[in-house]
Structure formats: C-alpha cells, structure tokens
Amino acid sequence: MRVVTVAAAQMGPIQKAEGRQQVVARMIALMDDASKADANFIVYPELTLTTFFPRYYMEDQAEVDTWFESEMPNAATAPLFDKAKEYGIAMTFGYAEQTLDGHYFNTSIHVDKTGNIVGKYRKVHLPGHSEFDPDRTFQHLEKRYFEPGNLGFPVYRTLDGIFGLCICNDRRWPEVYRSMGLQGVEMITLGYNTPSVNSQKGTEGPEKRMFHSDLVMQSGAYQNSTWVVGVAKAGIEDDHPMFGGSVIVNPDGEIVAKAKSEEDELLVHPCDLDDTVFGKQTIFDFARHRRVEHYTRITSQTGVQLPPND
Ligand code: CDT
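What counts and how
- The residue numbers shown here count from 1 along each chain, following its written sequence.
- The predicted nature of this model means local features are confined to residues of pLDDT at least 70 and side-chain atom pairs, given and counted, to a pLDDT of 80 or more, with totals for whole chains, interfaces and linings taken over all residues.
- Processing note: side-chain calculations cover all non-hydrogen atoms of the structure and skip hydrogens and water entirely.
- Two rings from Phe, Tyr or Trp (for Trp, the six-membered ring) form a pair when their centres are within 6.5 Å of each other. A pair whose planes differ by under 30 degrees is stacked, one over 60 is edge-to-face, and the rest are tilted.
- Segments assigned H or I by DSSP are reported as helices when at least four residues long, segments assigned E as strands when at least two residues long, and all are numbered from the N terminus.
- Burial classes: relative accessible area under 20% of the type maximum marks a residue as buried, over 50% as exposed, and values in between as partly exposed (1.4 Å probe, protein chains only).
- For each residue, the test is whether any non-hydrogen atom lies within 4 Å of the molecule or strand; if one does, the residue is near.
- Pairs of N or O atoms within 3.5 Å make up the polar contacts considered here, provided that, within protein, one atom can donate a hydrogen while the other can accept it, and that residues adjacent in sequence are counted only when both atoms are side-chain atoms.
- Exposure was quantified through the Shrake-Rupley algorithm and a 1.4 Å probe, taking into account, for residues, occlusion by the shown protein chains and nothing else.
- Three classes are used: nonpolar for Ala, Val, Leu, Ile, Met, Phe, Trp, Tyr, Cys and Pro, charged for Asp, Glu, Lys and Arg, and polar for all others, with Gly counted as polar.
- Residue contacts are defined here by distance: any two heavy atoms, one from each residue, within 4.5 Å place the two residues in contact.

*Asks:* So what about the packing of aromatic side chains? Which residues, and what values?
*Replies:* Centre-to-centre distance and the angle between the planes together describe a pair of aromatic rings. Per the stated rule, a full pass over the model turns up 13 aromatic pairs. Summarising the aromatic geometry, the rings of phenylalanine 68 and tyrosine 104 are spaced 4.8 Å apart at their centres and angled 90 degrees between planes, so their arrangement reads as edge-to-face. Taken together, the residues span a long stretch of sequence, with phenylalanine 68 in the loop between helix 2 (61–65) and helix 3 (78–87) and tyrosine 104 in strand 4 (residues 104–111) at a distance of 36 residues. Using a relative accessible area of 14% as the deciding quantity, one classes tyrosine 104 as buried. Their ring planes at 55 degrees and their centres at 5.8 Å tell us that tyrosine 192 and phenylalanine 243 sit as a pair that is tilted. Residue tyrosine 192 is found in strand 8 (residues 187–192), and its partner phenylalanine 243 is found in the loop between strand 11 (240–242) and strand 12 (247–249); the two are separated by 51 residues along the sequence.

Here it is in structure tokens:
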C-alpha cells in the first residue's frame, strides 16, 4: 500500500477587493483542518490567490500586472509555505505567474513537505478569447492575459509515487491525461474556476456543466488508471456564479468524495497509489495495446478536416 491522504481544499468565492493575505489566511484555515484529519497532501484550486480576474477586460498592463506573482514564495504566500512545512504537508495551488523575462502564465505548483517546489505546470489549453466580446453575457479573457504553457505535461516523483498537474480547461482534453498516463502518472491534481452558466448559451446551467466536469475527470482517471483530484473555486464572485462539486476520483473512474457546498470545504480521502497498478497492467497496459501507427492524425492535425464530397 502507498497511501496518500489527500485533502481537496475547495475555496468559496474570492471577491475582487479581497487581498492575498485574507485568502492565504483562509488557505491556512483549510490546512489546519487537513492536518487535524491526518492528510499529508492538500490540493487548492486554479488561481487560488485572487478572484478570477480574467472575467475583467483591462487595457492597462500595469493594472493587469497587479494580479500576477513575480516570485514564489513571496511575502503574501510565505506564511502558507511556513505552515505547510510545520505540518509536514505537501500542497498544490495555482497562481498567475509573471516570469523574470516578462512572460505570463496560468501556473500551478506542487510543493513538497519540506517546502521545495517539485512540480510546476503552465496551463496549455487557455479557454475564452483575447478581445472584449459584446455577444457574451460575461467575459473570459484568459487568451488575453496568459500565454499557452511552455512546459508540456511533466510528471514528477514525490510522496512515493508519480504525480502530475493540469489546470481547469485542460481537464476537458483527453490528450492531457494520456500524455501523463504515458509517463506512468498515478495522481493528477487540478484546480478549476468554472462559471455555472455558459456565457454563449444561457440554457446551459450548472447541472449540465457539472456533469461535463465529472465526465471528463472520471474518464481521464479510468482511461489512464490514475487518481484525479479536481478542486473548484466556487460560489458567487462579483455577481458571477461558479459551481463547486470538487471531486476525488479513483483509478476505476469512480467518484469517492464530492463537495456539497460552494464555500471553503475540505474533502479528505486516503488514496492508495497501488490501486493504479491493476488497470495499468491489464486493459490499459499501453505497451501491449496501443496502436500508434493509427494515431498520427492526433498530433499532425489541429482542426477538423472533413472527408471529401463524392
Ligand atoms: N478557468 C477555466 O479554464 N474555465 C473554463 C471555462 C471556460 S468558459 C469560456 C473551464 O473549462 O471550466
């Protein structure tokens, strides 16, 4: 048995005026509870430190920069790193990263129990648009503020297992899970900020959107025989509702824990990494069953190419 006791730390809404110090205090309160529950790994959402700022259209780069972190840890997050070290708990969380050479990414990191950053991922699949779109009921400007990630889908060894990260919209893309599955991943953690309503289709509400969210994480887990931990930032931020429904999914694709609220809420579950072995050695033994000679279209073509008309 290789048990990692995971605490999925869903966060309720973070308002625009809420400072990072306040948010970090909430993260530490969740970590206190995780430690009391004997968790050794806590997973926080995408862009944990602030409101989901890509919903705001900004033209002034100085204003945009206020949402980004240019070093990690920094003054605001140092107390979180200190507390994690004190408890001996590992963590993942997301933040907006500005690099020293002036690049902007939607990033998540995995910090081990000694405070070392052992995993880093920059979001590859940026949803939304880059210019103000008057036809949407609200904006989703990730393509304006971030560049697509440049690190691929790395996995890393920690907590006696093989771990990987992805972020929000990435969870909808099977290539993400498979890229990590091909490196033997045993647990994927991800955070999300997902609006409860489709800005381009008002009839698509929270039930269907949560169904899609669960569907993709459960299939990604099953098809790669890996644990998946998906953690929401939820609730109403500045009149914009986002659904909760954080989940821990086992390597059979079953949900073993699910959040009930749209507030700060902790889900704790003992996840045995050895539960990934059976699927990896049988139906999803990639070395025996994959037929890569038939998959070339997946990496050589981006959009749809229709068959010719007769
Ligand atoms: N943050 C994020 O990636 N959210 C997207 C919503 C996209 S709607 C333009 C998601 O896939 O949940």
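*Asks:* Go over the site of the ligand with me, naming the residues and quoting the values.
*Replies:* Lining the immediate surroundings of the ligand are Glu46, Phe52, Lys123, Pro127, His140, Glu142, Cys168, Asn169, Arg171, Arg172, Asn193 and Thr194. Contacts to the ligand include glutamate 46, whose side-chain N or O atom sits 3.0 Å from a nitrogen atom. Within the side chain of threonine 194, an N or O atom sits 2.6 Å from an oxygen atom of the ligand. In isolation the ligand has 360 Å² of accessible area, and contact with the protein removes 89% of it. Here the shell around the ligand is built from residues that sort into 3 nonpolar, 4 polar and 5 charged.

*Asks:* How would you sum up the side chain of aspartate 285? Please name residues and give values.
*Replies:* Along the chain, aspartate 285 falls in the loop between helix 7 (277–281) and helix 8 (286–289). Here the side chain of aspartate 285 touches arginine 288 through a polar contact of 2.9 Å, side chain to side chain. Among residues more than four places away in sequence, those in contact with aspartate 285 are Gly279 and Lys280.

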